[in-house]
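# Report on the structure
Listed below, chain by chain, are the residues.
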Amino acid sequence: MEERKSLHDPVLEVEDLGVQFILENETINAVNDISFKLRKGHTLGFVGETGAGKTTTALALLRLVPHPGKVESKKIEVCGHEVTAMTSSQLEKYRGNDVAMIFQDPMTSLNPVFTVGQQIADSIMLHQNVTSAEAKARAEQMLELVGISANRAGEYPHQFSGGMKQRVVIAIALACNPEVLIADEPTTALDVTIQAQVLNLMKKLRDDRRMSMIMITHSLGIVADICDEVAVMYAGRIVETGTLVEVFNHTKHPYTEGLFNSLPNILNRSAKLKPIPGLMPDPSNLPVGCSFAPRCKYAGPDCTCAQPKAHWFSDTHMVACAAYQREGFAIDRPEKK
Amino acid sequence: MSYRNETLQSQITGSKDIPIPKRYVRQTQTRIVLHNLSKNKGAMVGLFIIMVIVFIAIFADVLLDYETDVVGINISQRLLRPSWKHPCGTDDLGRDIFYRILYGARFSVSVGVVATTIGLGIGVIFGAIAGYYCGLAEDIIMRVNDIVSAVPSILMGIVIVSALGATTFNLMLAIGITSIPQFVRITRASVLSVRNQEYIEALYASGMSEPRIIAFHVLPNCLSPIIVQATLRIASAIIAASSLSFLGLGVPVPAPEWGSMLSMGRQYVRSASYLTIFPGLAILITVLSFNLLGDGLRDALDPKLKK
C-alpha cells in the first residue's frame, strides 16, 4: 500500500470528455464533460445504473465508440500519449498493450472456433516480437497464472465453465502487461461464489503487476472490495467522486445516498428498501439543470436552472450538487467514522 | 493484500494436481463434425462414391490409354449393345462408352471443383466486405449481386463461353461466375451475425487490425454454411457443365464429357438408348453423391441437431 501511494503521476488523465450519438432525428448525450485521473497502481470504480454512460466512457478511452458516436475531449492522455491524436496503426499498438479491456459477458467474449491457448498466444504475438512457440509457452504460463491447468490450453471455449472463461479473458487481457486494465462489469454474468474468486484473482494480479485498473460495476459491494477511488455516474456525468472512504463514509451527493439507501441492511432485515423514485432522464432530452433534480428530494428552484457546479470537500472529494451553495445544507445519511 | 480465505486462494492458483482426462483434450470441433457425419449413412455412401470417382478421375490416364481407348475410332465395332466386352456398349464411332464415362469423370470433377472454387473465392471476399462494412460498399455489392443473379445462369454461361471461346477453362470460369451471387449472399448473412459478437469487439480492444480480424476471426466462424453451400454447389456445377457441353459450348469434342456424350447419343436414342442412359446415370450418381454429402455436412455442422 505504501509504494502505491508514493506514485503520484497519473497514468490516465481525462478532461471534459463527451460522447454524443447523433441520429437522424435526435442526439443522444451518452457522456457529458467528465474529467478524471487514475494514478499508477490505483483502482478507480465507476458506479451507476444502466445507461449512465460507464461503458461508453470506457470505450472512448480505447477509441472504440461505435459508429454514430462522436467523441469530444480536451484531453485523453494515457501513459503520456494523447489518444485522440493517434493514427490507426498507433491505436492498434496502444490497444491491448497499454490499455486492455475485459468485457461483461465471458460467454461471448471468446471466439468459439479457436482454442483458448491460441487466443492468448494471438494477443501476445500481436504486441510482442516472439515466435509462435514462445507465444504458446507464454500462453500456457498465463493460464497457470489465472488458475487453469496448462494442459487445457488446447481446448475450446465451450469446454470451459463461465468462471473459467472469464479467467481466460483476464489472461488474454493481461498477456501483454498493460498499464491500465479496464474491467467492464467483469463479474455481472457470474454467480456470487465465482465472483469472489474472479475478484480475488484480479486483486492479486493487479497488486503483483502494479497495474492501474478501472472497474465498471453496478455493485457497491464490489467497489468497496476492490477500489481505491470511486466515481458515481448519473446520466453521463460524474456526480460524486472521491476516495473510497470519502464516498462511502462521508457521502455528499443525494444520488449516492439514494444508491446506499436502496441496498438491503443486514442488521435490520425486515426494513423496507428505499428505492430512488422515478427513472433516469432520457439521454436525448436531458434537463437544463441538474439531471437528478426531478428525482431528488432536496431539489430546490436553484437546481433546475443551471448545471450544478463542482463543490470540493477535499483535494479528492468532489460533488456536483447545487444544494451545497445553500447555508448549512446536509443530506440525511449520517457520516460514518 | 492478504487473503482471509486460504482455501479460496488455493482453488484459484493451485489446480495443477487435478488430472484432466485425455479424451477431453482431444475433442476438437472437426472431430465432432466427422463423428456426426460418420453416423449419417447417406452421407457416407455419398462420400464413398465421390472418393471412387475422384480416384478414377486422378488415375484415368494410368487406367486408360487416351488415344486408343477413349478417342480411338473403330468403325467395325460401332453401336454394339452392352456386353461383357463393352459393359455400356459402343457409340456410333465404335468407342467404348464405359471407358469414355470413366475418363469423363476427369472433366466433370475438375469443372465442378474449379468452378466452385472460383465462385467461392470471389463470392466470400465480396460477401465478407458487404457484411462487415455496411453502407455504400454493401449497397453496391448487393445490388450488383442482384443484377447478376437475375440473369439465368445457363444464359449467363452461354454468353461467357461464346464470348471467350469454348474451352474447358472458360467453361469453369463461366460456371464459377454464375455461382458467385449465392456465395456472396450466404457469406454476408453469416458475417452480419458474427460481426456484432462481443469477441470481435474484444479483438479490437486487444489491438488487432481490421483485415486480420475479418480474415482470421470473422470468416472461420462463418465457415459451416459456406462449406455446405460449396459441396452442394459442386453438384450443380457438374450439371451446368454437362448442360453447356450438351449444347456444344463446353469441353470441345472428341473429349468424353458426359454432357456432350448425351448430346451425341441423342440421335440414336430410339435404336441405341444405352448411348444416353449410361452417361446420364454417371451424371445422376455423381450429383446425387455430392448432394448426399452436402446434406450430411449440413446436419453435422448444425449445432441444434447435436445429440
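Structure report, in brief. These figures come from a predicted structure and were not determined experimentally.

So, about the overall build of chain A. Along chain A, the regular secondary structure elements total 10 helices and 13 strands. Rg of the C-alpha trace for chain A: 21 Å, near the compact-globule value of 20 Å for 337 residues, within the 12% margin. When its C-alpha atoms are laid out on the principal axes, chain A stretches across 65 × 50 × 45 Å. Counting all 337 residues of chain A, 47% fall into the buried class. Contacts in chain A between residues far apart in sequence, at least 24 positions, make up 64% of those at least 6 positions apart.

Residue and element names in this part refer to chain A. Sheet architecture is open: 8 strands sit in the order S7-S8-S9-S3-S10-S11-S13-S12, paired in mixed fashion. The open sheet has two edge strands, strand S7 (99-102) and strand S12 (310-312), and neither has a second partner. Strand-to-strand twist across the sheet, computed as the mean angle between neighbouring axes with direction ignored, equals 20°. In terms of strand pairing, S12 meets strand S13 (residues 318-320) through 3 bridges, oriented antiparallel.

What follows covers helix H9 (residues 168-195) of chain B. Residue and element names in this part refer to chain B. An ideal rise of 1.5 Å per residue puts 40 Å on 28 residues; H9 measures up with 39 Å between its terminal C-alpha atoms. Bending of H9 peaks at approximately 35° at the position of Ser-179, with proline Pro-181 no more than four residues after it. Counting buried positions along H9 yields 21 of 28 residues, so the element is predominantly enclosed.

Attention now moves to the pairing of strand S11 (residues 237-243) of chain A. All names here are of chain A. Along S11, 6 of the 7 residues are buried, which leaves the element largely enclosed by surrounding structure. If you look at the hairpin formed by strand S10 (residues 229-234) and S11, you'll find 2 residues sitting between the two strands, and Ala-235 has a positive phi there, around 50°. The pairing of S11 with S13 spans 2 bridges and is classified as antiparallel. Paired with Thr-241 across the bridge in S13 is Met-318.

Cut-offs and rules
Residues numbered from 1 in each chain as written. Chains lettered and ligands numbered in written order. Predicted model: local features only at pLDDT ≥ 70, side-chain atom pairs only at ≥ 80, totals over all residues. Helix = DSSP H or I, 4+ residues; strand = E, 2+ residues; numbered from the N terminus. Rg over C-alpha atoms; globule rule 2.2 N^0.38 Å. Buried ≥ 20, exposed ≤ 12 C-beta atoms within 10 Å, placed from the backbone. Contact = placed C-beta atoms within 7 Å. Pairing = 2+ DSSP bridges. Axes fitted to C-alpha atoms, helices over the stretch in contact; angles between N-to-C directions. Expected span 1.5 Å × (residues − 1). Bend = angle between axes of the 7 residues up to and from the residue.

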